Amino acid sequence: MKKFVLFCLIFIFAFPLSVNAVPYRGFTYNYWGGPIPAPVAYVPLSHVNASDICASLGSFNMPQDLHVDINGNIYIADTSNHRIVIFDRHLELINVIDSFYMHGALQTFNFPRGVFVTRDLDIYIADTENRRIVTLDQQGNFLRVNNGPEFGEIDDHFQFFPLKITVDNAGRQFVIVRGVFEGIMRFDPRGNFTGYFGTIQVSVSAIDWFWRLISTAEQRARQQLFIPTEFTGMDIDEYGFVFTTNLATGAGAKVQRLNPAGEDVLHNFTDIEIVGSANYSALGQFSGPSQFIDIVARGNGMYTALDRNRGRLYTYDREGNLLYVFGGTGNVLGMQRIPTALAVLDDTILVLDALRGEITFYEPTELGWLINEAVALLYDGDVTRAVEMWHRVLEIDANFRLALVGVGRAYLAAGENRLAMNYLRRGIDVEYFSIAFRRHRTELMRDNFYLIFFAVVGLAFIKPAVWVVKKVRKKVRPA
Amino acid sequence: MKKLKEQIALPLYIMRHPFDGFYRMKHMNEGKMSTAFILFFLFWISFVFMQQYGSITVSTSHPQMHNSIRDGASIFAILVLWSLSNWAVTSLTDGEGKFKEIFMGNCYAFTPLILTLLPMTLASHLMTDTESAFFFIVITAAVIYFIFLAYVAMVSVQNYGAGKALGTIFLTIFAMLIIVFLGTVLMVLLQQMYNFAVNIYTELAFR
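Residues numbered from 1 in each chain as written. Chains lettered and ligands numbered in written order. Predicted model: local features only at pLDDT ≥ 70, side-chain atom pairs only at ≥ 80, totals over all residues. Heavy atoms only, no water.

### Quick look at the overall build of chain B
Alright, step 1. Of the regular secondary structure elements, chain B holds eight helices and zero strands.
Alright, step 2. Ordered by position in the sequence, the α and β elements of chain B form the string α-α-α-α-α-α-α-α.
Alright, step 3. For chain B, the C-alpha radius of gyration of 21 Å lies well beyond 17 Å, the compact-globule estimate for 207 residues.
Alright, step 4. Projected onto the principal axes, the alpha-carbon positions of chain B cover approximately 70 × 45 × 40 Å.
Alright, step 5. Out of the 207 residues in chain B, the part that is buried amounts to 38%.
Alright, step 6. Long-range contacts, defined here as pairs at least 24 residues apart, represent 76% of the contacts in chain B between residues at least 6 apart. (Helix = DSSP H or I, 4+ residues; strand = E, 2+ residues; numbered from the N terminus. Rg over C-alpha atoms; globule rule 2.2 N^0.38 Å. Buried < 20%, exposed > 50% of the residue type's maximum accessible area, 1.4 Å probe, protein only. Contact = heavy atoms within 4.5 Å.)

### What about the overall build of chain A?
Alright, step 1. What chain A contains, in helices and strands, is ten helices and 27 strands.
Alright, step 2. For a compact globule of 479 residues, the expected C-alpha radius of gyration is about 23 Å, and chain A comes in at 31 Å, more than 25% above that figure.
Alright, step 3. Within chain A, the proportion of its 479 residues that are buried is 47%.
Alright, step 4. Just so you have it, chain A exposes about 25300 Å², and 56% of that area is on carbon and sulfur atoms. (Areas by Shrake-Rupley, 256 points an atom, 1.4 Å probe, with all protein chains shown as cover.)

### Details of the interface of chain B and chain A
Alright, step 1. The interface of chain B with chain A comprises 14 residues on the first partner and 13 residues on the second.
Alright, step 2. Taken together, the two surfaces of chain B and chain A that pack against each other cover about 1000 Å², and 63% of this comes from carbon and sulfur.
Alright, step 3. On the chain B side of the contact with chain A, Ile56(B), Thr60(B) and Thr128(B) bury the most area, a combined 48% of that side's loss.
Alright, step 4. In this structure, the connection of chain B to chain A is made through one salt bridge.
Alright, step 5. The salt bridge involving Glu131(B) is made with Arg441(A); its shortest N-O contact spans 2.8 Å.
Alright, step 6. Counting the contacts that link chain B with chain A gives five residue pairs in polar contact (both at pLDDT 80 or more). (Buried area = accessible area lost by both parts, 1.4 Å probe. Salt bridge = Lys/Arg side-chain N within 4 Å of Asp/Glu carboxyl O. Polar contact = N/O pair within 3.5 Å; in protein donor to acceptor, adjacent residues only side chain to side chain.)

### Describing empty space enclosed by the protein
All names here are of chain B.
Alright, step 1. Under the counting rule described, the total for this entry stands at five cavities of 30 Å³ or more.
Alright, step 2. Space inside the largest cavity adds up to approximately 70 Å³.
Alright, step 3. In this structure, the largest cavity is lined by Trp82, Asn86, Ile102, Asn106, Ala150, Ala153, Met154, Val157 and Gln158.
Alright, step 4. For the lining of the largest cavity, the secondary structure elements donating two or more residues are helix 4 (68-92), helix 5 (99-108) and helix 7 (132-158).
Alright, step 5. A total of five residues in the lining of the largest cavity trace back to one element, the largest contributor, which is helix 7.
Alright, step 6. Here the lining of the largest cavity is composed, by residue class, of six nonpolar, three polar and no charged.
Alright, step 7. Estimated volume of the second largest cavity: approximately 50 Å³. (1 Å grid on protein atoms, 1.4 Å probe; cavity = no way out; pocket = protein on both sides within 12 Å on 5 of 7 lines; lining within 4 Å. Points joined across faces, edges and corners; volume = space filled by probe spheres on them. Nonpolar A, V, L, I, M, F, W, Y, C, P; charged D, E, K, R; others polar.)

### Section: the sheet that holds strand 12 (residues 132-136) of chain A
Residue and element names in this part refer to chain A.
Alright, step 1. What the four strands build is an open sheet, ordered 10-11-12-13; its pairing is antiparallel. Strands with a single pairing partner mark the edges of an open sheet, and in this sheet they are strand 10 (112-117) and strand 13 (142-146). Looking at each pair of strands side by side, their axes are set apart by 20 degrees on average, direction ignored.
Alright, step 2. Relative to strand 13, strand 12 runs antiparallel, the two being bridged by four bridges. From the neighbouring strand, Leu136 faces strand 13, where its bridge partner is Phe142. (Pairing = 2+ DSSP bridges. Axes fitted to C-alpha atoms, helices over the stretch in contact; angles between N-to-C directions.)

### Structural notes on helix 6 (residues 383-396) of chain A
Residue and element names in this part refer to chain A.
Alright, step 1. Along its 14 residues, helix 6 runs 20 Å from first to last C-alpha, staying within 8% of the 20 Å computed at 1.5 Å per residue.
Alright, step 2. Among all positions of helix 6, only Ala386, Val387, Met389, Trp390, Val393 and Leu394 are buried. Buried residues of helix 6, seen end-on, are gathered within an arc of 160 degrees and therefore sit on one face of the element. Exposed and oriented more than 90 degrees from the buried face of helix 6 are Thr384 and Glu395.
Alright, step 3. Contacts from the buried residues of helix 6 go to helix 5 (366-379), helix 7 (401-414) and helix 8 (417-426). (Expected span 1.5 Å × (residues − 1). Arc of directions from axis to C-beta.)

### Digging into the packing of aromatic side chains
Any aromatic ring pair is given by two values, namely how distant the centres are and how the planes are angled relative to each other.
Alright, step 1. Summed over all chains, the structure comprises 35 aromatic pairs over all chains.
Alright, step 2. An aromatic cluster is built from Tyr24(A), Tyr42(A), Tyr324(A), Phe326(A) and Tyr362(A), whose rings are joined through pairwise contacts.
Alright, step 3. Positioned over the ring face of Phe161(A) is Arg178(A), at 5.2 Å from the centre of the ring.
Alright, step 4. The lysine or arginine in question, Arg24(B), covers the ring of Tyr13(B), its NZ or CZ lying 4.2 Å from the ring centre. (Phe/Tyr/Trp six-rings, centres within 6.5 Å; stacked < 30°, edge-to-face > 60°. Lys NZ or Arg CZ within 6 Å of the ring centre and 35° of its normal.)

### Overview of a nonpolar patch on the surface
Alright, step 1. A cluster of nonpolar side chains, contributed by Val202(A), Val204(A), Ile207(A), Trp209(A), Phe210(A), Trp211(A), Leu213(A) and Ile214(A), occupies part of the molecular surface with about 860 Å² of accessible area.
Alright, step 2. By the secondary structure assignment, Trp209(A) is in helix 3 (residues 206-214). (Patch = residues over 30% accessible without salt bridge, like charges linked within 9 Å, V, L, I, M, F, W, Y side chains within 5 Å.)

### Thoughts on the confidence of the model for chain B
Residues and elements named next belong to chain B.
Alright, step 1. Taken as a whole, chain B shows an average pLDDT of 92; of its residues, 99% reach a score of 70 or greater.
Alright, step 2. Helix 8 (residues 162-205) holds the highest mean pLDDT among the elements of chain B, 95, whereas helix 1 (residues 2-16) holds the lowest, 83.
Alright, step 3. Across the assembled chains, the prediction reports ipTM 0.78 with pTM 0.81. (pLDDT = per-residue confidence, 0-100.)

### Observations regarding the sheet that holds strand 25 (residues 339-345) of chain A
Within a sheet, each strand pairs with its neighbour through backbone hydrogen bonds, oriented either parallel or antiparallel.
Residues and elements named next belong to chain A.
Alright, step 1. Spatial strand order, 3-27-26-25: four strands in an open sheet with antiparallel pairing. Whereas interior strands pair on both sides, the edge strands pair on one side only; in this sheet they are strand 3 (42-49) and strand 25. Each adjacent strand pair in this sheet contributes to an overall mean axis angle of 25 degrees, direction not counted.
Alright, step 2. Where strand 25 meets strand 26 (residues 348-353), six bridges bridge the pair, whose relative direction is antiparallel. Each bridged residue has a counterpart across the sheet, and for Leu345 the counterpart in strand 26 is Thr348.

### Focus: the pattern of salt bridges
All names here are of chain A.
Alright, step 1. As enumerated under the stated definition, the model contains 17 salt bridges over all chains in all.
Alright, step 2. Here Asp353 and Arg356 are joined by a salt bridge, their closest N and O atoms 3.5 Å apart.
Alright, step 3. A relative accessible area of 0% means that Asp353 is categorised as buried.
Alright, step 4. Linking Glu366 and Arg392 is a salt bridge whose minimum nitrogen-to-oxygen distance equals 3.6 Å. Highlighted residues: Glu366 in helix 5 and Arg392 in helix 6, separated in sequence by 26 residues.
Alright, step 5. The class for Glu366 is partly exposed, based on a relative accessible area of 47%.
Alright, step 6. Via salt bridges that share partners, Asp353, Arg356 and Glu358 belong to a single interconnected network.

### Some words on the confidence of the model for chain A
Alright, step 1. Residues with a pLDDT of 70 or more make up 94% of chain A, whose mean pLDDT is 88.
Alright, step 2. Segment residues 15-19 of chain A is flagged for pLDDT under 50; beyond a separation of four residues in sequence, or across chains, it makes one contact in the model.

### Here's the deal with the packing of helix 3 (residues 33-53) of chain B against helix 6 (residues 111-123) of chain B
Residue and element names in this part refer to chain B.
Alright, step 1. Running from N to C, helix 3 and helix 6 cross one another at 25 degrees; their axes reach a closest spacing of 9 Å. Comparing their axes, helix 6 and helix 3 come out roughly parallel. Here helix 3 and helix 6 pass one another in a crossing that is left-handed. The segment helix 3 lies against helix 6, with Leu39, Leu42, Phe43, Ser46, Phe47, Phe49, Met50 and Tyr53 engaging Leu113, Ile114, Leu117, Leu118, Thr121 and Leu122.
Alright, step 2. Considered class by class, the residues forming the contact of helix 3 with helix 6 number twelve nonpolar, two polar and no charged. (Parallel < 35°, antiparallel > 145°, perpendicular 65-115°, else oblique. Left-handed = near helix turned anticlockwise from the far one by under 90°.)

Spelled out as structure tokens, the structure:
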């Protein structure tokens with residue numbers, strides 16, 4: 001009996017240690033668009049609130065934005081505390097900006113919701129309720145202010161409530177403004193409004209269209225307008241292209257990559273749309289489509305989008321392949337309540353939770369690191385080393401389709417047609433499988449040419465031979 | 001052995017001489033119900049074989065989407081439903097066929113599909129994606145010939161003209177829809193009756 005109890009105790013205490021402590025499960029989509037389990041690519045390392053950085057900071061109060069500059073310092077728009085908190089990657093506090101002198105007068109923030117730091121380390125702050133964008137230097141000294149379009153430039157009712165800001169290397173400012181559906185507002189480096197940038201398609205369902213058709217002009221005037229949703233998040237990549245997210249529910253793209261002309265140039269060579277969760281239930285818990293709230297350009301064409309609905313982070317490569325998914329909703333480490341922003345610090349991903357006032361740091365696992373590395377190597381055109389990475393990825397996750405196809409195509413290029421066929425069949429790449437198979441077939445035919453030749457000739461000679469034998473027998477018998 | 005030969009002979013003869021063959025099936029009593037079931041079974045097997053073992057150049061469907069039993073049952077259900085509706089329609093429009101003959105005729109028409117599906121599935125493993133067109137051409141031709149044979153079967157079994165048989169096809173599809181509709185209504189009604197009975201029982205039990 002004692003032994004049994006001991007055994008039970010060992011079992012109970014040993015078991016939780018042996019399972020992975022990550023509170024979510026990873027998955028990817030297979031060829032048919034269905035989810036298949038995958039090992040997790042990122043694990044939560046720690047969550048950090050204001051008092052972890054400095055005890056006198058108190059706590060973050062509904063922080064809305066997060067940014068990491070080129071030195072790896074972290075900026076938080078601590079919205080309801082009306083301040084900007086700056087600290088470095090070792091969680092050493094650098095600066096807290098809650099006021100500045102503008103033309104000799106002391107100014108404070110009023111619910112600042114967006115923060116961005118340029119390559120020159122100028123801090124742009126979307127000071128939302130003060131209706132202005134303030135530019136400060138690292139010490140918090142005033143540089144510039146942008147009060148939005150001149151009065152009457154758009155219409156008399158317009159009010160400038162900037163929510164998010166991004167600045168390109170030439171100093172052009174891209175601003176998401178509350179209540180503006182025409183697009184992202186673009187300003188030149190001196191703060192002059194130069195026009196709208198990017199649009200979200202409006203989708204009208206057949207039923208809406210039908211009701212609109214049969215309603216009178218008076219009814220129509222009282223109906224809701226078909227207006228696009230607002231942009232929710234922005235980031236700028238190394239080429240000055242702007243990644244954006246929005247809450248479009250219909251046919252419009254949820255993630256866009258806008259070129260300097262404001263056209264969406266996001267690639268997707270896969271059959272699965274870039275919508276985060278590709279199949280979800282319409283009702284019940286965890287239902288509805290993904291709602292992307294922020295996006296971050298990861299370099300090498302990769303980007304990660306944050307889903308507010310399920311607290312998940314979806315990472316895609318430049319061809320639109322879903323690389324990995326992690327995160328979830330909940331209270332434990334690694335889960336989110338109301339995620340509002342994300343940022344990247346080297347390979348670490350930072351997610352800001354407004355409700356808990358915490359930043360979660362996610363670290364890549366070996367799988368995540370290998371995938372990142374392989375994508376980066378492919379982006380640089382170093383296929384040989386990328387394939388080494390894909391091989392190691394397949395050791396961890398044998399279902400990873402991108403790796404199967406990558407390895408298969410590499411074998412095809414190396415002339416290993418038989419091996420290539422094997423990998424390409426598992427990766428369901430019909431086009432390249434066919435190329436590998438055609439080469440393999442030609443090879444087989446060439447190597448066994450004599451065998452095939454004599455078999456065909458032999459078959460062709462059977463009938464005449466039989467005829468000859470019969471004839472000979474006939475001649476022999478009478479004699 | 002001789003019996004087996006007889007059973008194979010008629011379907012093959014029907015493929016070459018459909019009108020003559022179906023005449024022999026009906027009027028010379030050469031058609032057998034056992035042969036019909038064997039042909040259906042072979043068709044089912046070759047259909048499943050094609051889905052399961054076709055090369056990825058001709059079939060990329062999800063393996064979990066296949067269910068041999070369910071596929072067979074649904075093919076059989078459609079076959080019986082078609083034969084039943086056809087029988088119902090033709091008995092009202094001076095058809096001479098019995099239900100058994102209609103069912104048998106349809107099963108005998110499967111022969112071209114049985115003969116092509118299996119070899120083409122094997123051949124698909126020798127084809128690239130562009131060459132897979134041959135696979136689909138042959139299968140499509142077999143399906144067209146199957147439809148033609150089923151049509152000839154109806155003409156011969158019912159002793160119809162070509163035009164009347166064509167009209168009967170549309171009437172049969174209509175009859176199939178009616179049967180499905182009535183079946184659904186009956187199911188719903190029975191379910192409600194069952195619920196009613198259960199309700200009464202619970203009311204009484206908890207009094």
